[in-house]
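Chains, contacts and geometry: an overview
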Amino acid sequence: TRRVKLAACQMGPVQSSASRPEVVGRLIHLLERAAKDGATLAVFPELALTTFFPRWEIDNETKLDVFYEASFPNAETQPLLDAARRLRIGFAIGFAEMVQDGAAKQRFNTMALVDAEGQVAGLYRKMHVPGSEMPEPGVTVHLERRYFAPGNLGFPVFDIDGLRVGLALCNDRRWPETYRMLCLNGAEIVLIGYNTPLLLDEAPQLAHLRMFHNHLPMQAGAYQNTVWVAAAAKAGLEDGQALIGGSCIIAPTGEITALATSLADEVVTYDADLGLIETCRRVNFDFARYRRPDQYRRICE
Ligand code: CDT
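Looking at an unreviewed UniProt entry, one finds the chain named N-carbamoyl-D-amino-acid hydrolase, with Acidisoma cellulosilyticum as its source organism.

Following this line, the structure appears as structure tokens:
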């Protein structure tokens, strides 16, 4: 049976004072730890290169632009891809992407997938962009909808290093459609990066459920779509805001097979048996045989 050793590379906070070379150095160190443990495919968090800047209202375009990558890789991020090639490990990483469209700038919350040759295999742009464009009274400031357009690349699945890999970013992981689209597109593994605030001003009564609501949809998504999931958090106290950890690897059975225990830079790995996908399909989820797409039309309206 086919196996792959997966790594979820959690990051502690990336303060706004951190330079790109400093962050890239941390990422390379995490990749080295993953490879040393025998992993050949790793996932880093959403917006891994910067602080989670949508927590701020930024009016100055020059100040905003420093958080975005105008190309990926570039001179500052290339050492990470060089490390992947040296270590023979693929990875996914989230970053803010800027696309110059004539005079206009298009901005996306993006994840790139890089293969074990250090080549970019493809991009995913976050579909479910949460928050608002303007701060709202009584609501934790979360301005992703001001800083990112909704993704326009669909739910692609990439063939890398003999694996079929789909990507998702943070809020995407809460939506069943994300996993079902990736499953239908042939994914065996879904790599997810996230930045999730621990406390929300609008719902203090949900504070104790933040980790449950992190794992619940990912475990259900893995089980109901017979995929392996590896998910990496940016965790800890970042520029004064607490972010949850809980990075993990989840089997197609819905079981968490590896779980981070800190709020710091930490690597968890698991030797994933891809044969479990077929087993779980045989038991319950023979999609071609049992699905009723003609009865699901409401979902697409
Ligand atoms: N980064 C991200 O998508 N975070 C969201 C928080 C949304 S609160 C408005 C999440 O789903 O974790």
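This part covers the environment of Leu-167. Tracing the chain through its elements places Leu-167 in strand E8 (residues 163-169). For Leu-167, a count of 31 C-beta atoms within 10 Å corresponds to the buried category. Along the sequence, Leu-167 and Ala-116 sit 51 residues apart, while their C-alpha atoms lie 17 Å from each other. When residues no more than four places from it in sequence are discounted, the contact partners of Leu-167 are Ala-92, Met-111, Leu-113, Tyr-124 and Leu-191.

For the rest of this paragraph, the subject is the UniProt feature "domain: CN hydrolase" (unreviewed entry) in the chain. Here the UniProt feature "domain: CN hydrolase" (unreviewed entry) sits at residues 4-274. With 23% helix and 31% strand, residues 4-274 has its two end C-alpha atoms placed 7 Å apart.

Quick look at the site of the ligand now. Near the ligand you find Glu-46, Pro-130, Gly-131, His-142, Cys-170, Asn-171, Arg-174, Tyr-194, Asn-195 and Thr-196, and these make up its full shell. Residues of the shell around the ligand, tallied by class, amount to three nonpolar, five polar and two charged.

The strand order across the open sheet built from six strands is E7-E8-E9-E10-E13-E14, with neighbouring strands paired in mixed fashion. Two strands close off the open sheet at either side, each with one partner strand: strand E7 (157-160) and strand E14 (256-259). The sheet shows a mean angle of 20 degrees between the axes of neighbouring strands, taken without regard to direction. Where strand E10 (residues 228-233) and strand E13 (residues 248-250) come together, three bridges link them in antiparallel fashion.

This paragraph deals with the packing of helix H1 (residues 20-36) against helix H3 (residues 78-87). To describe two helices that pack against each other, one gives the angle between their axes and the distance between the axes. Here H1 crosses H3 at 15 degrees, and the two axes come no closer than 9 Å. As the angle between them shows, H1 and H3 are arranged roughly parallel. Between H1 and H3 the crossing geometry is right-handed. Between H1 and H3, the contacting residues are Val-24, Leu-27, Ile-28, Leu-31, Glu-32 and Ala-35 on the first element and Pro-79, Leu-80, Ala-83, Ala-84 and Leu-87 on the second. Residues of the contact of H1 with H3, tallied by class, amount to 10 nonpolar, no polar and one charged.

With that settled, consider the pairing of E10. The buried fraction of E10 is high, at six of six residues. Going residue by residue along E10, you find Trp-228, Ala-230 and Ala-232 tucked away on one face and Val-229, Ala-231 and Ala-233 tucked away on the opposite face as well. Of the pairings in the sheet, the one linking strand E9 (residues 189-194) to E10 comprises six bridges and is parallel in character. Across the sheet, the residue bridging to Gly-193 is Ala-232, located in E10.

It is worth spelling out H1 at this point. Between the first and last C-alpha of H1 there are 24 Å, a value that for 17 residues agrees with the 24 Å anticipated at 1.5 Å per step. Where H1 is concerned, the buried positions are Val-23, Leu-27, Leu-30, Leu-31, Ala-34 and Ala-35. Buried residues of H1, viewed axially, fall in a sector of 135 degrees; they line one side. Away from its buried face by more than 90 degrees, H1 exposes Pro-21, Glu-22 and Lys-36. Where H1 ends, the next residue or the one after it, Gly-38, has phi of about 95 degrees, a positive value.

A cis amide bond links Phe-72 to the next residue, Pro-73, at an omega of 0 degrees. Within the secondary structure layout, Pro-73 lies in the loop between strand E3 (68-69) and H3. The phi dihedral of Leu-47 falls on the positive side, at around 45 degrees, and the residue is not glycine. Take Leu-47: it is sitting in the loop between strand E2 (41-43) and helix H2 (61-65). Even without being a glycine, Asp-239 presents a positive backbone phi close to 45 degrees.

Thresholds applied
Residues numbered from 1 in each chain as written. Predicted model: local features only at pLDDT ≥ 70, side-chain atom pairs only at ≥ 80, totals over all residues. Helix = DSSP H or I, 4+ residues; strand = E, 2+ residues; numbered from the N terminus. Buried ≥ 20, exposed ≤ 12 C-beta atoms within 10 Å, placed from the backbone. Contact = placed C-beta atoms within 7 Å. UniProt positions renumbered as here; feature names shortened; annotations may be inferred. Near = placed C-beta within 6 Å. Nonpolar A, V, L, I, M, F, W, Y, C, P; charged D, E, K, R; others polar. Pairing = 2+ DSSP bridges. Axes fitted to C-alpha atoms, helices over the stretch in contact; angles between N-to-C directions. Parallel < 35°, antiparallel > 145°, perpendicular 65-115°, else oblique. Left-handed = near helix turned anticlockwise from the far one by under 90°. Expected span 1.5 Å × (residues − 1). Arc of directions from axis to C-beta.

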